[in-house]
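Here is what each chain is made of, one letter per residue.
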Amino acid sequence: MHDLKVTSWQLFGHDRLYVNLPDGTAIGWADLGSGTITVLHPRYRDAVTDALARQVPDMPALGEAAPPGPPFTPPSAPRIPPLRRMRTRKGDGGDETAPLPGPEAAEPPATAPRIPEQARPPHQEQAPEPRMDRAREEPLPQEAARARPEPPAEGPVRARPEGPAAAPPSRRPGRAGPPELPALTPDVDLATRRPGTALREELGESGAGALVRVVTGALRRQREADPRRTALAGERRVGAELKRLTRHGWRVLHSVPLPDGTEIGHLLIGPGGVFAVHAEHHPQASVRIDDGTLRFGDGDPEPYALDDRFGAGRAQRVLEAYCTFPVPVGTVLVFAGVAALDVVTTPPGVRVLRERQVPALAPLNGVLTPTQVERVYDVARNREAWADA
């Protein structure tokens, strides 16, 4: 499969090469730090290995482990009677005894050994002990009791090294996962916000302001002349067009608040990436965008910066802080109600559209997988994620 795409990704101390299908679905990756290959779908194992070998020709065996050798079989030893399987070694504190290794160590002795008083079952407390066992144990020193093996713990027990090596291994710098967000509650869920929420609050179209709007119906002309109402109408029209994309696997958030009092008008999240969408409503106007300028009709060009003006850079920093994968964020400027739109040049990563052209974003894909789309959406809808944007 020569149509696989290998991309490099470095974040939070990870250095990986991702192998993606033509539609952007990740099927495996190579961790260059640990030298391991992870294959998400077994049937693509050979394809992932070949794609990584073409990308890193000097590491053809990346992540491959040597085949295990034959299991070790200990040499057979002569059978020793259970009561005589003791060996003695000299030490500083006296003689110590320990059972000989081998499969016979797990067999019960022919004669029950002496059981301490505190561990002796009740029905054996008054039972006399055989004289033969007492004779065998009396010559043993006091240290023999401390040398008796303790009951094995669950699982394999490894020897603990002495000195500095005995300290538990610490997490490598940069390997910590992303921070955790508080639980999503109705108070912090941005999914319920409507287009132009901030403008609605300023114009009194929510809460107590709605009653004031009804009572002051005689001032309708003055309200319609308010430019904020024109802007709110544009937010509603663009929000309606963005809603059409949800049937194609896209997610939409409106009026994402930022700590400085501004907001991202709309945040579009889907297979083609993430876009900070800004609405401009200029009814029946002819608009021309050219090299950082904006001109209406035959008027003079006005400065109009597009680079990170609408929060795309801030959104990318927030989303990547809580995700374990890259989250590219672009800018989409949508003109609503215009009679004509002429776009000469725009900076990279910026799209300028009319409101009826918004559905053309639906076929974009290959940037985020469906699982990544849901993860980004879960982060973006949590108000606490934007506290330090």
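Residues numbered from 1 in each chain as written. Predicted model: local features only at pLDDT ≥ 70, side-chain atom pairs only at ≥ 80, totals over all residues. Heavy atoms only, no water.

Visitor: How would you summarise the overall build of the protein chain if you had to cite specific residues and measurements?
Guide: A count of helices and strands for the protein chain gives nine helices and 15 strands. The proportion of buried residues among the 389 residues of the protein chain is 33%. For the protein chain, the exposed surface amounts to about 24,900 Å²; the carbon and sulfur share of it is 53%. (Helix = DSSP H or I, 4+ residues; strand = E, 2+ residues; numbered from the N terminus. Buried < 20%, exposed > 50% of the residue type's maximum accessible area, 1.4 Å probe, protein only. Areas by Shrake-Rupley, 256 points an atom, 1.4 Å probe, with all protein chains shown as cover.)

Visitor: Just give me the short version of the pattern of salt bridges, but keep the residues and values in it.
Guide: Under the counting rule described, the total for this entry stands at 11 salt bridges. Between Glu-374 and Arg-251 there is a salt bridge; the shortest N-O distance is 3.0 Å. One end of the pair, Glu-374, is in helix H9 (residues 370-380); the other, Arg-251, is in strand S7 (residues 251-257), with 123 residues separating them in the sequence. With a relative accessible area of 31%, Glu-374 lands in the partly exposed category. Given a relative accessible area of 31%, Arg-251 falls into the partly exposed group. Across the pair Arg-288 and Asp-342 runs a salt bridge whose closest N-O atoms are separated by 2.6 Å. Remark: Asp-342 occurs in strand S14 (residues 340-343) and Arg-288 occurs in strand S10 (residues 286-290); sequence separation between them is 54 residues. Judged by its relative accessible area of 35%, Asp-342 is partly exposed. In the salt-bridge network here, residues are joined through shared partners; they are Glu-202, Asp-226 and Arg-228. (Salt bridge = Lys/Arg side-chain N within 4 Å of Asp/Glu carboxyl O.)

Visitor: Quick rundown of the sheet that holds strand S13 (residues 329-336)? Include the residues and the values.
Guide: Reading across the sheet, the five strands line up as S7-S8-S9-S13-S15 and stay open at both edges, with mixed pairing between neighbours. Every interior strand has two partners, whereas the edge strands, S7 and strand S15 (350-354), have only one. Recorded for the sheet is a direction-independent mean angle of 25 degrees between the axes of neighbouring strands. Pairing analysis gives five bridges linking S13 to S15, with the strands arranged parallel. Note on S15: the bridge partner recorded for Val-334 is Leu-353. Sitting on the sheet, helix H8 (residues 312-322) touches strand S8 (263-270), strand S9 (273-281) and S13, and the angle it makes with S13 is about 140 degrees. (Pairing = 2+ DSSP bridges. Axes fitted to C-alpha atoms, helices over the stretch in contact; angles between N-to-C directions. Contact = heavy atoms within 4.5 Å.)

Visitor: Let's hear about the sheet that holds strand S12 (residues 302-303): which residues, and what values?
Guide: Spatially, four strands are ordered S12-S11-S10-S14 in an open sheet, and the strand pairing comes out mixed. At either end of the open sheet lies a strand with only one pairing partner, and these are S12 and S14. Looking at chain direction, strand S11 (residues 293-296) and S12 are connected through two bridges and run antiparallel. Each bridged residue has a counterpart across the sheet, and for Leu-294 the counterpart in S12 is Glu-302.

Visitor: Which residues make up the confidence of the model for the protein chain, and what are the values?
Guide: Per-residue confidence for the protein chain averages 74 on the pLDDT scale, and 62% of its residues sit at or above 70. Below pLDDT 50 for its whole length, residues 133-145 participates in 12 contacts with residues either more than four positions away or in separate chains. In this model, residues 151-175 is a region of pLDDT below 50 whose contacts with residues beyond four sequence positions or in other chains number 10 contacts. (pLDDT = per-residue confidence, 0-100.)

Visitor: Describe the nonpolar core, naming the residues involved and giving the relevant values.
Guide: Ranked by size, the top nonpolar core spans 26 residues in total, and within it Leu-267, Val-274, Val-376 and Trp-386 carry the most contacts. Not counting residues within four places of it along the chain, the set of residues in contact with Leu-267 comprises Arg-251, Val-252, Leu-253, Val-256, Val-274, Phe-275, Ala-276, Ala-315, Ala-380 and Trp-386. Core analysis: the next-biggest nonpolar cluster, separate from the first, contains 16 residues, Leu-242, Val-277, Val-334 and Ala-336 among them. (Core = buried A, V, L, I, M, F, W, Y, C linked by side-chain atoms within 4.5 Å.)

Visitor: Break down the side chain of Ser-255 for me, with residues and values.
Guide: The topology assignment puts Ser-255 in strand S7. A distance of 3.4 Å separates the side chain of Ser-255 from the backbone oxygen of Arg-194, its partner in a polar contact. When near neighbours in sequence (up to four residues on either side) are disregarded, Ser-255 contacts Arg-193, Arg-194, Pro-195, Gly-196, Thr-197, Ala-198, Glu-263, Ile-264 and Gly-265. (Polar contact = N/O pair within 3.5 Å; in protein donor to acceptor, adjacent residues only side chain to side chain.)

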